[in-house]
Amino acid sequence: MDATQSYYNSSIKMEQSMAMLIGIGVCLNRLATAASQVALAVATLLGIYLWWKNDKKLILNDDARKYIKVSYLFFFATLVSIVDVDNKFYVLQNFFGTWVWRFMVFILVVAFVKKKTYLLRILASFLLVYSLDCLTACYQFFILHEERGRGFHGDYLDLTAIVCMVLAVSAIILLDQYFEPWIKRIALVSLVASIAGLFGCFGRGAFLVSALVAPTYLFFYFRSSKKLAVGILTVLILLSGLVISNPKYVDRLSTTFDTKTNMSNLGRIWVWKSSIDMYLDHPINGVGLNNWGRYYRSGYQYPEETQNLSHAHSNYMHLLAETGTIGFIAFLYFIGYSLVKPFKRWLCAKNPCDLIFFTSFLSVIVLFGVFHPTYRLSSVIRSLWFILAAMIQLRTVK
């Protein structure tokens, strides 16, 4: 019996326990952060024990192994920013918090969840929990009349970034024949809840990103079925009509590209200028991980930026300033690999797991990351790591 069959030379109950702990950690990411952290910490300790028991070897498929290598190449490239700073321990601490610890979700899934049943159950639970999160945001916005729905916890931008990903994931599961009927039903619930979440969160970025990502997957399913195409187009027309008929949404969305009077947009432009200034002064390895705010307040803030923003409002600008040329080039390579590899696999094999991987990364890191530093948001990046890991596993397990 090989290591995979015996599950790290341990019992099947150990795999069940690991799947349960990971599921709790992923699903309570926003609902109960402390419980989520505890569950993932226990899962990590259990993983270390299983790794040690299996002669200090992890059981990884080729895709997972390659992606871990590419990811850590990028992670360690950002650590080069530690060289010229005077708060090295702080930068190192943030390196472990931002990359090593949050990425542990990915490693736990690809190394220790080996059964399709467990993967789909965790995924289904994740979709249902975020459906409740979206519906909570709708209640806050439409019933309590809060300015924007925030869902269970944290900033509303956290939820809107996740909504963009969950909407695409749910749509692909629902449209593709690869998935079983029971999870399609759950995907339908999460799709409806995600669309509702777009309206409840009242975020311009979420509408924009979802509109940009949708064609990347709808195009392929349009070609497979005329009835399906008509159905999807009908839904899109109805949603568009709902937005256009509501002055509140028209006014909000009309400010998306307003760089003259909208203070939110103007603030982003000024902090982007500040980020470029930081980069020009520290072009090789930047000002150090999580040092953006410190440098910004010490002389890089423009007087026109009156909101006293705490970050660069962009993955690209934030990493450019903090990690310089070395980290930024590594980031671009990481993006290229994360998009090109799964998309090429999708074109060859038409496995929807590759398409979900592609659209999830495109939504959260590439597009939403243009105007918000999503890699720094714990709940967002952990959710993304889970989805990517689950898709890599579902491609190969039975």
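Provided above is the structure to which this section pertains.
Chemist: Can you help me understand the overall build of the chain in this one?
Modeler: Helix and strand counts for the chain stand at 15 helices and zero strands. The C-alpha atoms of the chain give 21 Å as radius of gyration, which agrees with the globular expectation for 398 residues (21 Å, within 12%). Taken along the three principal axes of its C-alpha coordinates, the chain extends 70 × 55 × 40 Å. For the chain, restricting intrachain contacts to residue pairs at least 6 apart in sequence, the fraction spanning at least 24 positions comes to 77%. In the form shown here, the chain has an accessible surface area of approximately 17,500 Å², with 67% of it arising from carbon and sulfur atoms. Of note, the chain has its 37 positive side-chain charges centred 9 Å away from the centre of its 22 negative side-chain charges.

Chemist: Can you walk me through helix α3 (residues 62–79) in this structure?
Modeler: Between its terminal C-alpha atoms α3 stretches 26 Å, which fits the 26 Å expected from 18 residues at 1.5 Å a residue. By the burial criterion, the buried members of α3 are Asp63, Ala64, Tyr67, Ile68, Val70, Ser71, Tyr72, Phe74, Phe75, Ala77, Thr78 and Leu79. Residues of α3 that are buried sit in contact with α4 (88–112), α13 (315–349), α14 (352–367) and α15 (378–394). Sitting at the head of α3, Asn61 places a side-chain oxygen 3.1 Å from the backbone nitrogen of Asp63.

Chemist: Quick question: what am I supposed to make of the nonpolar core here?
Modeler: If you look at the biggest cluster of nonpolar residues, it comprises 144 residues, and the most contacted ones within it are Tyr67, Phe106, Phe126, Tyr217, Phe361 and Phe386. Not counting residues up to four positions away in its chain, the partners in contact with Phe126 are Val26, Cys27, Met165, Val166, Ser383, Phe386 and Ile387.

Chemist: In this structure, what is going on with the packing of helix α8 (residues 204–224) against α14? I would like to understand it.
Modeler: Any two packed helices are characterised by the angle at which their axes cross and by the distance between the axes. At a minimum axis distance of 10 Å, the contact between α8 and α14 shows a crossing angle of 165°. The orientation of α8 with respect to α14, classified from their angle, is roughly antiparallel. As α8 packs across α14, the resulting crossing turns out to be right-handed. Of the residues in α14, those in contact with Val209, Leu212, Val213, Thr216, Tyr217 and Tyr221 of α8 are Pro352, Leu355, Phe358, Thr359, Leu362, Ser363 and Leu367. For the contact of α8 with α14, the residue count by class is 10 nonpolar, three polar and no charged.

Chemist: Before we go on, may I ask you to explain empty space enclosed by the protein in this structure?
Modeler: A water-sized probe rolled over the atoms picks out the places where empty space is left. Under the criterion given, the structure shown has two cavities of 30 Å³ or more. Of the pockets and cavities examined, the largest cavity occupies roughly 60 Å³. Around the largest cavity, the lining residues are Asp63, Tyr67, Tyr337, Ser338, Lys341, Pro342, Arg345, Phe357 and Ile392. The set of elements that each furnish at least two residues to the lining of the largest cavity consists of α3 and α13. Among the elements that make up the lining of the largest cavity, the one with the highest residue count is α13 (five residues).

Chemist: In this structure, what is going on with the pattern of salt bridges? I would like to understand it.
Modeler: One side chain can pair with another of opposite charge once the charged atoms of both are near each other. Using the criterion set out here, one finds seven salt bridges in the structure. The salt bridge partner of Asp354 is Arg395, with a shortest N-O separation of 2.7 Å. Of this pair, Asp354 sits in helix α14 while Arg395 sits in the segment after α15, and the two are 41 residues apart along the sequence. Relative accessible area serves as the criterion here: at 24%, Arg395 is assigned to the partly exposed category.

Scoring rules and cut-offs
Residues numbered from 1 in each chain as written. Predicted model: local features only at pLDDT ≥ 70, side-chain atom pairs only at ≥ 80, totals over all residues. Heavy atoms only, no water. Helix = DSSP H or I, 4+ residues; strand = E, 2+ residues; numbered from the N terminus. Rg over C-alpha atoms; globule rule 2.2 N^0.38 Å. Contact = heavy atoms within 4.5 Å. Areas by Shrake-Rupley, 256 points an atom, 1.4 Å probe, with all protein chains shown as cover. Lys, Arg positive; Asp, Glu negative; His and termini not counted. Charge placed at Lys NZ, Arg CZ, Asp CG, Glu CD. Expected span 1.5 Å × (residues − 1). Buried < 20%, exposed > 50% of the residue type's maximum accessible area, 1.4 Å probe, protein only. Polar contact = N/O pair within 3.5 Å; in protein donor to acceptor, adjacent residues only side chain to side chain. Core = buried A, V, L, I, M, F, W, Y, C linked by side-chain atoms within 4.5 Å. Axes fitted to C-alpha atoms, helices over the stretch in contact; angles between N-to-C directions. Parallel < 35°, antiparallel > 145°, perpendicular 65-115°, else oblique. Left-handed = near helix turned anticlockwise from the far one by under 90°. Nonpolar A, V, L, I, M, F, W, Y, C, P; charged D, E, K, R; others polar. 1 Å grid on protein atoms, 1.4 Å probe; cavity = no way out; pocket = protein on both sides within 12 Å on 5 of 7 lines; lining within 4 Å. Points joined across faces, edges and corners; volume = space filled by probe spheres on them. Salt bridge = Lys/Arg side-chain N within 4 Å of Asp/Glu carboxyl O.

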